[in-house]
Amino acid sequence: MNGIMEDNILKAVLSGHIDSANVPAVEAGIMQLREGCPHEGLILDLKDLTYISSAGLRMVLRLGKLEPSFRLVNASPEVYEILDITGFTEMFSVEKACRVISVEGCEAIGQGANGVVYRIDNETVVKVYRNPDCLPDVKRERELARKAFVLGIPTAIPYDVVRVGESYGSVFELVNARSFSKLIAACPEQIDHYVDLYVEVMRKLHSTHTRPGDVPDIREFAMDFARYAGKVLPEKTGERLKAMMEAVPERDTLLHGDYHTNNIVMQNDEVLLLDMDTLCCGHPVFELASVFMAFVGFGEQDPTVVEKFLKLPYETAKLFWKKALKRYLDTEDQAYIDEVEKKAMVIGYARLLRRTMRRDGFGTDAGRAVIERCAGRIGQLVGELDSLCF
């Protein structure tokens with residue numbers, strides 16, 4: 001019996017057939033490993049297991065009762081089905097084995113905060129997550145995408161989880177889909193058409209109600225922006241920012257959370273959203289803050305940041321933001337449009353400030369410049385606004 005210790009967790013690897021004939025020997029081997037390796041939890045790795053009988057299942061049940069932390073991983077589809085039918089997937093954490101794919105030479109068709117989307121073939125794309133310890137995030141995004149789809153949001157639903165190098169990916173069926181960024185870059189004269197589609201879906205999101213607890217509330221995340229900003233702002237300015245954030249009313253309507261033109265694709269004549277791991281609920285000003293940063297804010301100090309990310313000229317990205325904001329607010333009142341933009345900018349700069357500080361921004365000249373610029377802009381804008389609502 002092979003055993004591996006990882007972070008005080010004992011992993012035992014099972015292989016072949018486990019049935020009534022060999023269960024006593026297998027169980028004795030695992031017990032010997034447990035006794036010889038002090039540990040805080042047990043993982044049974046099923047990657048080489050081809051069959052398990054009812055006797056083997058009873059052994060698994062006994063082991064599960066002995067361990068405070070117990071998981072089964074890398075179950076083949078056949079073994080997983082046995083575990084699922086018999087109820088083991090409800091009693092213990094059971095993870096399917098992931099097939100392994102490569103994205104070497106594949107076209108990157110979009111990217112978001114947490115991953116890059118690659119086209120594998122004409123019908124299939126995979127979102128590869130940047131964080132190698134992302135499996136819980138993969139499952140969470142699948143569940144959020146499913147909830148959005150049920151609520152009528154045009155969402156691409158992942159149907160498989162795969163291993164890509166040291167990380168994981170979610171596989172989607174997207175036949176000949178192209179991101180809005182690529183479509184605008186190819187036909188900049190059609191920017192108004194894509195602005196209209198972009199705003200149409202955003203309004204759909206912002207008018208869709210959710211049940212309590214179905215998706216995260218962005219307010220807690222946003223209040224963290226104010227807490228970080230308060231560390232570098234003058235005391236009165238920091239207190240005013242916090243009060244303005246707290247005064248934004250709760251909303252049970254959806255926000256995408258990372259709504260830019262890399263995360264929207266056109267499949268034939270259908271618009272679909274990607275990157276649903278940031279799905280949440282809250283006031284639309286928080287969405288507009290994220291949109292402003294994606295198209296404008298991140299590029300103010302270095303326009304190439306936006307250009308590399310969106311694959312659009314910075315001037316085109318800024319124009320898209322201006323057109324989208326005006327279309328979303330559906331008004332010709334430029335003073336009102338400018339005011340809403342300022343509200344979005346306050347939250348956006350606070351968000352960037354938090355991100356920079358968390359990434360040891362004080363330790364580099366570039367980071368300190370970002371912090372100083374964000375603090376200055378927040379101080380100026382907070383003094384010009386009565387609230388962050390519209």
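Small disclaimer: the values here were computed from a predicted structure and weren't measured.

Enquirer: Any chance you could explain the UniProt feature "domain: STAS" (unreviewed entry) in the protein here in plain terms?
Expert: Under the UniProt annotation, the feature "domain: STAS" (unreviewed entry) is placed at residues 14–93. Taken end to end, residues 14–93 has its terminal C-alpha atoms 16 Å apart, with 50% of it in helix and 30% in strand.

Enquirer: Please explain the packing of aromatic side chains as it appears in this structure.
Expert: Any aromatic ring pair is given by two values, namely how distant the centres are and how the planes are angled relative to each other. Under the criterion given, the structure shown has 10 aromatic pairs. Judged by centre distance (5.0 Å) and plane angle (80 degrees), the ring pair of phenylalanine 70 and phenylalanine 92 falls under edge-to-face. Of this pair, phenylalanine 70 sits in strand E4 (residues 70–75) while phenylalanine 92 sits in the loop between helix H4 (88–91) and strand E5 (93–96), and the two are 22 residues apart along the sequence. A ring pair is formed by phenylalanine 292 and tryptophan 321, whose centres lie 5.6 Å apart and whose planes are at 70 degrees; its orientation type is edge-to-face. Of this pair, phenylalanine 292 sits in helix H10 (residues 284–295) while tryptophan 321 sits in helix H12 (residues 314–329), and the two are 29 residues apart along the sequence. As far as burial versus exposure is concerned, phenylalanine 292 and tryptophan 321 are alike and both buried. Through a chain of ring-to-ring contacts, three or more aromatic side chains come together here, namely Tyr198, Tyr259, Phe295 and Phe320. One Lys or Arg, lysine 96, reaches over the ring of tyrosine 80 and ends 4.9 Å from the middle of that ring. Just above the ring of tyrosine 168 sits the side chain of arginine 163; from NZ or CZ to the centre is 4.3 Å.

Enquirer: Would you mind showing me how to read the packing of H12 against helix H13 (residues 334–358) here?
Expert: Packed helices, taken two at a time, are described by their axes: the angle between them and the distance between them. Remark: H12 packs on H13, axes separated minimally by 10 Å, with the N-to-C direction vectors making an angle of 110 degrees. As judged from the angle between their axes, H12 and H13 are roughly perpendicular. For the pair H12 and H13, the sense of crossing is right-handed. Touching Trp321, Lys322, Leu325, Lys326 and Leu329 of H12 are Tyr336, Ile337, Val340, Glu341 and Ala344, all from H13. The residue inventory of the contact of H12 with H13, partitioned by class, reads seven nonpolar, no polar and three charged.

Enquirer: Could you clarify how one ought to interpret the layout of surface pockets in this entry?
Expert: Rolling a probe over the atoms, with the probe sized like a water molecule, indicates the empty space that remains. In this structure, the second largest pocket occupies an estimated 600 Å³ of space. Lining the second largest pocket are 20 residues, with Lys11, Arg71, Glu95, Arg163 and Tyr168 positioned closest to its centre. Of the residues that constitute the lining of the second largest pocket, the class distribution is 11 nonpolar, one polar and eight charged.

Enquirer: What is the right way to look at the sheet that holds E4 in this model?
Expert: Where strands meet in a sheet, backbone hydrogen bonds hold them as pairs that are either parallel or antiparallel. Spatially, E1-E2-E3-E4-E5 is the arrangement adopted by the five strands of the open sheet, whose pairing is mixed. Since the sheet does not close on itself, it has two edges, and those belong to strand E1 (2–6) and E5, each with one partner. Taking each pair of neighbouring strands and ignoring which way they run, the sheet shows an average axis angle of 25 degrees. For E4 and E5, the ladder comprises three bridges, and the chain directions are parallel. Bridge pairing in E5 places arginine 71 opposite serine 93.

Rules of the game
- What you see as residue numbers is a count from 1 along each chain, following the sequence as written.
- Local features in this predicted model are restricted to residues of pLDDT 70 or higher, and side-chain atom pairs are both shown and tallied only at a pLDDT of 80 or more, whereas totals for entire chains, interfaces and linings draw on every residue.
- No hydrogens and no water enter the side-chain calculation; it runs on all heavy atoms of the structure.
- UniProt positions are given in the numbering used here, feature names are shortened, and annotations may be inferred rather than shown by experiment.
- Strands here are runs of E lasting at least two residues and helices are runs of H or I lasting at least four, both read from the DSSP assignment and numbered beginning at the N terminus.
- Within 6.5 Å between ring centres, the rings of Phe, Tyr and Trp (the latter by its six-membered ring) count as paired, and their orientation is classed by plane angle as stacked under 30 degrees, edge-to-face over 60, tilted in between.
- Only protein chains enter the accessibility calculation, which uses a 1.4 Å probe; a residue whose area is less than 20% of its type maximum is buried, one above 50% is exposed, and one in between is partly exposed.
- Charge over a ring is defined by NZ of Lys or CZ of Arg lying within 6 Å of the ring centre and within 35 degrees of the ring normal.
- All axes here are fitted lines through C-alpha atoms, helices being fitted over the stretch that makes contact, and every angle between N-to-C directions spans 0 to 180 degrees.
- Angle categories are assigned with fixed cut-offs, so that under 35 degrees is roughly parallel, over 145 is roughly antiparallel, 65 to 115 is roughly perpendicular, and the rest are oblique.
- Handedness of a crossing is defined here by the sense of rotation of the near helix relative to the far one, left-handed for an anticlockwise turn of less than a right angle and right-handed for a clockwise turn.
- By the convention used here, residues are in contact when the closest approach between their heavy atoms is within 4.5 Å.
- Gly counts as polar in this scheme, as do all residues outside two lists: the nonpolar Ala, Val, Leu, Ile, Met, Phe, Trp, Tyr, Cys and Pro, and the charged Asp, Glu, Lys and Arg.
- Of the grid points, spaced at 1 Å and generated over the protein atoms alone, those admitting a 1.4 Å probe that cannot get out make up cavities, while open sets with protein on both sides within 12 Å along at least five of seven lines make up pockets; any residue with an atom within 4 Å of a point is treated as lining.
- Grid points are joined across faces, edges and corners, and a volume is the space filled by probe spheres set on the points.
- Any two strands are treated as partners once DSSP identifies two or more bridges connecting them.

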